[in-house]
Amino acid sequence: MQKKSLLLLLPVAAAAGAAAQGRYNIVYIMTDDHTAQMMSCYDNRFVQTPNLDRIAADGVKFVRSYVANSLSGPSRACMLTGKHSHKNGFTNNEHGIFDGSQQTMPKLMQQAGYQTAIIGKWHLVSTPTGFDYYDIVPGQGDYYNPDFIKMDGSTVQEKGYITNLITDKAIDWMEHRRDRQKPFILFIHHKACHRCWLPEMKYLRAYEDQTFATPPTLYDNYEGRQAAAAQEMEIGNNRHMDIVYDTKMYRPGADTRLTDLYLSMIGRMDTRDRADYDCFYDSLSADFYRRNLSGRALTEFKYQRYMRDYAKVLKSLDDNVGRTLDYLKASGLLDSTLVVYTSDQGFYMGEHGWFDKRFMYEESFSTPLVMRLPEGLKARGDISEMVQNIDYAPTFLDIAGAPIPDDIQGVSLLPLLRGEHPKNWRKSLYYHYHEYPAEHSVKRHYGVSTADGWKLIHFYNDIDVWELYNLNDDPQELHNIYGQPGTEKVTKRLMKELVRLQQQYDDADALKKNGK
Ligand code: SGN
Ligand code: CA
């Protein structure tokens, strides 16, 4: 009680610098592969997410929020360290092991007197460091009756649907396990809405009568974009989007590349749930094989299945974020807690014909970011300054009143949360994606994106291709105008900015690759 009233009396600057007792808590909720197109406060076309929208309605929505490297493990490492991938060392999922001995924001939060806990997806291979408590899933985790890795090193299978379980554990930690004498930072890392979008049983039949509008670029021909043409993440291609695993059109004897993986995942369900699941998808599957679809009809069928299953998974997520907010309110914590909701990156919902992420194009470079602000932080509504996931670490440190080490590359968002709009705010962002050759075949690339709507990208490794976009004229990034007459001046400006950022962030390997 004393803690709450103390905080409410403190103006923000004093609160940030005050003793542990008077400081804000932080609840950081991060989903997997949740994209702004599927969050109604960003985009109203497809689904309603009333609980996620509540966060924005009571706080702020960042409309230019981006990641540094559009992939799970790397994004998580950027968030934890406040540094770009080449500095924190975790550049890709397939070969990375996070070096847990390095400086991380949770460790610095501990030093500042915070209790730290993480529940859910970790995906950084090494054992978590800097957490007073963890209960994490191995690798990508499972939707049904998932395993959890405990702090004693044991792995325990738990009964239920993953989004509910992670939320139960988060609430249980806040209610029963934490030290109430300390402020806390709790990381709730959901598996939702990662591939292959397996729904909670109560939403098995949700969205089935909804037909989602197809994006105008579903049949993109990738003209002038060599790397876009070389990817392997097309909905219409059965080698990329698996008809059994991704769209659940299983039938006995099916032997697609990912059939076994699919069967092992749904093999975790309880018998009764499985019978209901089979009853539902078997009849869709029988109908699908009877129709013998091909070409655009097949692509559009897969697109509808993809959208519906993704929407089902998201519905449980939205419910559970609502449950988390309700708990914070009921327990009297809400007004002393910064609630952050974001994703590890954006995702393609059929734009360019794709699912998955990785590219520096807007859908996957951007990520949703909304925050409910505690008493004393005055900002409300949309924030249009450019922000990136390397900014979260310095923001949380700033909120804790802890010093921000010089080697942290992100910047604190606290001034923006106070309602300020610093004149010298960054005017460009740096991006670098490293995972190639790998699943989905997205070439390595880095680039710069500017506040006035320009983007310059260099794809390298087994290719040497530059792309230039003017997002003001070409928001869908269909027209690569690199090298076209009239673009010399802007290209020169962007190239200079790219080099400046690579120098500032000390990305020495990338600097060498410019070849300019
Ligand atoms: C898995 C998925 C990929 C996905 C990566 C990375 N394949 O490998 O489709 O791009 O994860 O995703 S699957 O057959 O195992 O589903 S990330 O979000 O973890 O980076
Ligand atoms: Ca992800």
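Below, the structure is looked at part by part.

### Notes on the sheet that holds strand β16 (residues 465–470)
Phase 1 of the analysis: Taking strand neighbours across the sheet as the criterion, the 4 strands line up as β13-β14-β15-β16 in an open arrangement whose pairing is antiparallel. If you trace the sheet from one side to the other, it starts and ends with β13 (428–433) and β16, each paired once. With strand direction ignored, the average angle separating the axes of adjacent strands in the sheet is 10°.
Phase 2 of the analysis: Note that β13 and strand β14 (residues 444–450) share 6 bridges and pair antiparallel. Bridged to Tyr433 within β14 is His445.
Phase 3 of the analysis: Contacts from helix α15 (residues 488–504) reach β13, β14, β15 (454–460) and β16, with the element oriented near 110° to β14.

### Regarding the site of ligand 1
Phase 1 of the analysis: If you check the shell around ligand 1, you find 20 residues, and the closest are Arg195, Tyr245, Asp356, Glu439 and His440.
Phase 2 of the analysis: The contact in question runs from an oxygen atom of ligand 1 to an N or O atom on the side chain of Asn93, over 2.9 Å.
Phase 3 of the analysis: Starting from 450 Å² of accessible surface for ligand 1 in isolation, the protein chains cover 88%.
Phase 4 of the analysis: Given that more than half its atoms are within 2 Å of the pocket grid, ligand 1 belongs to the second largest pocket.

### Things to note about the coordination of the calcium ion (ligand 2)
Phase 1 of the analysis: Around the calcium ion (ligand 2), the protein supplies Asp32 (OD), Asp33 (OD), Asp344 (OD), Asp344 (OD) and Gln345 (OE1) as donor atoms, at distances of 2.1 to 2.7 Å.
Phase 2 of the analysis: Here the calcium ion (ligand 2) is ringed by 6 donor atoms whose angles at the metal span 52 to 170°, and the overall shape comes out irregular.
Phase 3 of the analysis: Sequence spacing of the donors to the calcium ion (ligand 2): D-D-x310-D-Q. Placement of the pair is Asp33 in the loop between β1 (25–31) and α3 (50–57) and Asp344 in the loop between β9 (337–343) and α12 (362–365), with a sequence separation of 311 residues.
Phase 4 of the analysis: Relative accessible area serves as the criterion here: at 0%, Asp33 is assigned to the buried category.

### Quick word on the pattern of salt bridges
Phase 1 of the analysis: Enumeration according to the criterion identifies 46 salt bridges in this entry.
Phase 2 of the analysis: One salt bridge connects Asp270 with Lys159, and the closest N-O pair in it is separated by 2.5 Å. Highlighted residues: Asp270 in the loop between α9 (259–266) and α10 (271–291) and Lys159 in the loop between β7 (155–157) and α7 (162–177), separated in sequence by 111 residues.
Phase 3 of the analysis: Residue classification places Asp270 among the partly exposed positions, given a relative accessible area of 28%.
Phase 4 of the analysis: With relative accessibility at 63%, the residue Lys159 sits in the exposed group.

### Considerations on the pairing of strand β2 (residues 59–62)
Phase 1 of the analysis: The pairing of β2 with strand β10 (residues 369–372) spans 3 bridges and is classified as antiparallel. In the strand pairing of β10, Lys61 is matched with Val370.
Phase 2 of the analysis: Taken together, the 3 bridges between β2 and strand β11 (residues 381–383) define a ladder with parallel strand orientation. Note on β11: the bridge partner recorded for Lys61 is Asp382.

### Focus on empty space enclosed by the protein
Phase 1 of the analysis: Summed over the entire model, instances satisfying the criterion amount to 1 cavity of 30 Å³ or more.
Phase 2 of the analysis: A volume near 40 Å³ is recorded for the largest cavity.
Phase 3 of the analysis: As for the largest cavity, its lining consists of Lys248, Tyr250, Tyr262, Ile266, Tyr277, Asp278, Tyr281 and Asp282.
Phase 4 of the analysis: Mapped onto the lining of the largest cavity, the elements with two or more residues apiece are α9 and α10.
Phase 5 of the analysis: Counting residues per element, the lining of the largest cavity draws most heavily on α10, which supplies 4 residues.
Phase 6 of the analysis: Grouping the constituent residues of the lining of the largest cavity by class yields 5 nonpolar, no polar and 3 charged.

### Thoughts on the packing of aromatic side chains
Think of a pair of aromatic rings as described by two things: how far the centres are apart, and how the planes are tilted against each other in angle.
Phase 1 of the analysis: Counted under the stated rule, the structure contains 33 aromatic pairs.
Phase 2 of the analysis: Residues Trp122 and Phe131 carry aromatic rings whose centres are separated by 5.9 Å and whose planes lie at 90° to one another, so their mutual orientation is edge-to-face. By the burial criterion, Trp122 is buried, and Phe131 matches it.
Phase 3 of the analysis: Aromatic pair Tyr143 and Tyr161: ring centres 5.9 Å apart, planes at 15°, arrangement stacked. With a gap of 18 residues between them, Tyr143 in the loop between β5 (133–137) and β6 (147–149) and Tyr161 in the loop between β7 and α7 connect regions that are remote in the sequence.
Phase 4 of the analysis: Through pairs of rings, three or more aromatic residues link up here, namely Tyr222, Tyr348, Trp354, Phe359, Tyr361, Phe459 and Tyr469.
Phase 5 of the analysis: One residue, Lys191, lies across the ring of Tyr143, its end atom 4.8 Å from the ring centre.

Rules and cut-offs
Residues numbered from 1 in each chain as written. Chains lettered and ligands numbered in written order. Predicted model: local features only at pLDDT ≥ 70, side-chain atom pairs only at ≥ 80, totals over all residues. Heavy atoms only, no water. Pairing = 2+ DSSP bridges. Helix = DSSP H or I, 4+ residues; strand = E, 2+ residues; numbered from the N terminus. Axes fitted to C-alpha atoms, helices over the stretch in contact; angles between N-to-C directions. Contact = heavy atoms within 4.5 Å. Near = heavy atom within 4 Å. Polar contact = N/O pair within 3.5 Å; in protein donor to acceptor, adjacent residues only side chain to side chain. Areas by Shrake-Rupley, 256 points an atom, 1.4 Å probe, with all protein chains shown as cover. 1 Å grid on protein atoms, 1.4 Å probe; cavity = no way out; pocket = protein on both sides within 12 Å on 5 of 7 lines; lining within 4 Å. Sits in = over half its atoms within 2 Å of the grid points. Donors = N, O, S within 2.8 Å, 3.2 Å for Na, K, Ca; no water. Tetrahedral: all angles 85-135°; square planar, octahedral: opposite > 155°, others 65-115°. Buried < 20%, exposed > 50% of the residue type's maximum accessible area, 1.4 Å probe, protein only. Salt bridge = Lys/Arg side-chain N within 4 Å of Asp/Glu carboxyl O. Points joined across faces, edges and corners; volume = space filled by probe spheres on them. Nonpolar A, V, L, I, M, F, W, Y, C, P; charged D, E, K, R; others polar. Phe/Tyr/Trp six-rings, centres within 6.5 Å; stacked < 30°, edge-to-face > 60°. Lys NZ or Arg CZ within 6 Å of the ring centre and 35° of its normal.

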